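Report on the structure
If you want the building blocks of each chain, they are given just below.
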Amino acid sequence: MAISFFNIKKWFKMLTGNSVYHVKQDEGKYYRKDQINGYYNNLTEKVSKFGEEGLSLPKVDVGTGEEIYLPTAVFQYGLGAYDLFLESKDEIMRERMIVCSNWALDNQESNGGWRVFEYENKEQPYSSMTQGEGASLLLRAYKETGDEKYFTGAKKAVYFMIIPIEEGGTAKYLDDDIYLYEYTYAPLILNGWIFSYWGLRDYCIVSSDQEILNICNKTLETIIRKLPEFDLGYWSKYDDGKIICSPFYHNLHIAQMKVMFDLTRIEIFNHYAVLWEGYKHNGWNRIKSLVVKCFQKIFE
């Protein structure tokens, strides 16, 4: 059921700006197009919102009555900490990134996967987004340390990501298209797909792996073909089903479109960055999107 104490608490934190799940995530400040550096999305508020001290790992409440180490949360925390290190040269932030990277290796299965959704779907616990962000984190640890174990972990992560869903992975191959699924048991989610693509892209920067490069290029072509389906004419869609974006995810889409245009110089990304930015600044569009979103939350 959509309405629960956990969801009410989560929505209240989101609306009051105190949700670690919905921090401001604009374009990354320190990424580079042709080398591993800062992350493409600004995740630094993930670090400050968790409020962790020392080298502790972040725990999250996923509605099960307990706080757990969720792979995606750990990876995003590590990526945010690395950007803070690049910004301030604070070695504590670098060490936090390394701690998160070591946790990633310690909790990576032999097949390369991380069971991020096991608490809600034991049969399909994997996520292309988690695989991509895990790879991106490990490649930054590899850059900082030169330790091959981080590169090996990243390679295992991306190779698991591209396994077809019907074989236990997170990819769907349809004719010439390649889709990467944040939830393998749900509709295709745009923001998760792009995070997944960034993980593949990072791996291609570091390696000369032609197989992954071909898949990276092919899923980019698929994103381009599929992108118009995520436009409602007044707001962006969260997935390729019926779900409209919340303001948080609409803003995230805009930031992702800006970064994708910067990385690729492909005009369609600039088109949707400008279009969706325009929707955001139209009062009627904002009201309509909130009304639709509220109805979806109530009846989903």
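Residues numbered from 1 in each chain as written. Predicted model: local features only at pLDDT ≥ 70, side-chain atom pairs only at ≥ 80, totals over all residues. Heavy atoms only, no water.

1. What about the overall build of the chain?
Note the cut-off: Each helix corresponds to a stretch of at least 4 residues labelled H or I by DSSP, and each strand to a stretch of at least 2 residues labelled E; elements are numbered beginning at the N terminus. Two things to know: the radius of gyration comes from C-alpha atoms, and the globule rule equals 2.2 Å times the number of residues to the power 0.38. Relative accessibility thresholds used throughout: buried, under 20% of the residue-type maximum; exposed, over 50%; partly exposed, between the two (1.4 Å probe, protein chains only). Here, residues are in contact when the closest pair of their heavy atoms is within 4.5 Å. The Shrake-Rupley method, run with a 1.4 Å probe, gives the accessible areas here. Residue values count only the displayed protein chains as cover. Here the positive residues are Lys and Arg and the negative ones are Asp and Glu; neither His nor the chain ends is included. Taken as the charge location is NZ of Lys, CZ of Arg, CG of Asp or CD of Glu.
Summing up its helical and strand segments, the chain has 11 helices and four strands in all. The C-alpha atoms of the chain give 18 Å as radius of gyration, which agrees with the globular expectation for 300 residues (19 Å, within 12%). For the chain, with 300 residues in total, the buried portion stands at 53%. Nonlocal contacts in the chain, meaning residues at least 24 apart in sequence, comprise 62% of its contacts between residues at least 6 apart. Summing over all exposed atoms, the chain offers an accessible surface of approximately 13400 Å²; the carbon and sulfur share of this is 52%. Here the chain contributes 34 positively and 41 negatively charged side chains, and the mean placements of these two sets differ by 5 Å.

2. What to know about the nonpolar core
Our working rule: Residue types Ala, Val, Leu, Ile, Met, Phe, Trp, Tyr and Cys, when buried and joined through side-chain atoms within 4.5 Å, form a set referred to as a nonpolar core.
Judged by nonpolar contacts, the single largest core of 87 residues is most densely connected at Trp-198, Leu-200, Leu-227, Met-257, Phe-269 and Trp-276. Considering every element that reaches this core, the biggest residue donor is helix 3 (residues 71–88), with 10 residues.

3. Some thoughts on the pairing of strand 4 (residues 177–180)
Definition in use: Here the rule is simple: two strands pair whenever DSSP picks up at least two bridges between them.
Neither face of strand 4 is exposed, since Asp-177 and Tyr-179 on one face and Ile-178 and Leu-180 on the opposite face are all buried. Relative to strand 4, strand 3 (residues 171–174) runs antiparallel, the two sharing four bridges. Across the sheet, the residue bridging to Tyr-173 is Ile-178, located in strand 4. Remark: two residues form the turn of the hairpin made by strand 3 and strand 4, two consecutive strands paired antiparallel; Asp-175 in that turn has positive phi of roughly 55 degrees.

4. Overview of helix 3
Think of an α-helix as turning once every 3.6 residues; residues three or four places apart then point the same way. Going by this rule: The span one expects for a helix is its residue count, reduced by one, times 1.5 Å.
The end-to-end C-alpha separation of helix 3 is 26 Å, in line with the 26 Å expected for 18 residues at 1.5 Å each. Of all 18 residues making up helix 3, 16 are buried, and the element is well covered by its neighbours. A positive backbone phi angle near 60 degrees is found at Lys-89, which sits one or two residues after helix 3.

5. Considerations on the packing of aromatic side chains
Aromatic ring pairs are reported here in terms of the distance separating the ring centres and the angle at which the planes meet. What counts is decided by this rule: Any Phe, Tyr or Trp ring, taking Trp's six-membered ring, that has another such ring centre within 6.5 Å forms a pair; planes under 30 degrees apart are called stacked, those over 60 apart edge-to-face, and the others tilted.
Applying the stated criterion across every chain, the model contains 20 aromatic pairs. Seen in terms of ring centroids, Tyr-142 and Phe-151 are 5.5 Å apart; in terms of plane orientation they differ by 45 degrees. Their pairing is tilted. A ring pair is formed by Phe-248 and Tyr-249, whose centres lie 4.7 Å apart and whose planes are at 80 degrees; its orientation type is edge-to-face. Using a relative accessible area of 12% as the deciding quantity, one classes Phe-248 as buried.

6. Some words on the packing of helix 3 against helix 5 (residues 128–145)
We apply this condition: Simply put, an axis is a line fit to the C-alpha atoms, just over the touching stretch for a helix, and the angle between two N-to-C directions goes from 0 to 180 degrees. Crossing handedness follows the turn of the near helix against the far one: under a right angle anticlockwise gives a left-handed crossing, and clockwise gives a right-handed one. We call Asp, Glu, Lys and Arg charged. Ala, Val, Leu, Ile, Met, Phe, Trp, Tyr, Cys and Pro are nonpolar, and the rest, Gly among them, are polar.
Two elements in contact, helix 3 and helix 5, have axes separated by 9 Å at closest approach and are oriented at 35 degrees. Considering only the axes of helix 3 and helix 5, their crossing is left-handed. Across the interface between the two elements, Pro-71, Thr-72, Phe-75, Gln-76, Gly-78, Leu-79, Tyr-82 and Phe-85 of helix 3 pack against Met-129, Thr-130, Glu-133, Gly-134, Ser-136, Leu-137, Arg-140, Lys-143 and Glu-144 of helix 5. Among the residues forming the contact of helix 3 with helix 5, the class breakdown is seven nonpolar, six polar and four charged.

So, to be careful, I would describe these as geometric facts and stop short of saying anything about function.
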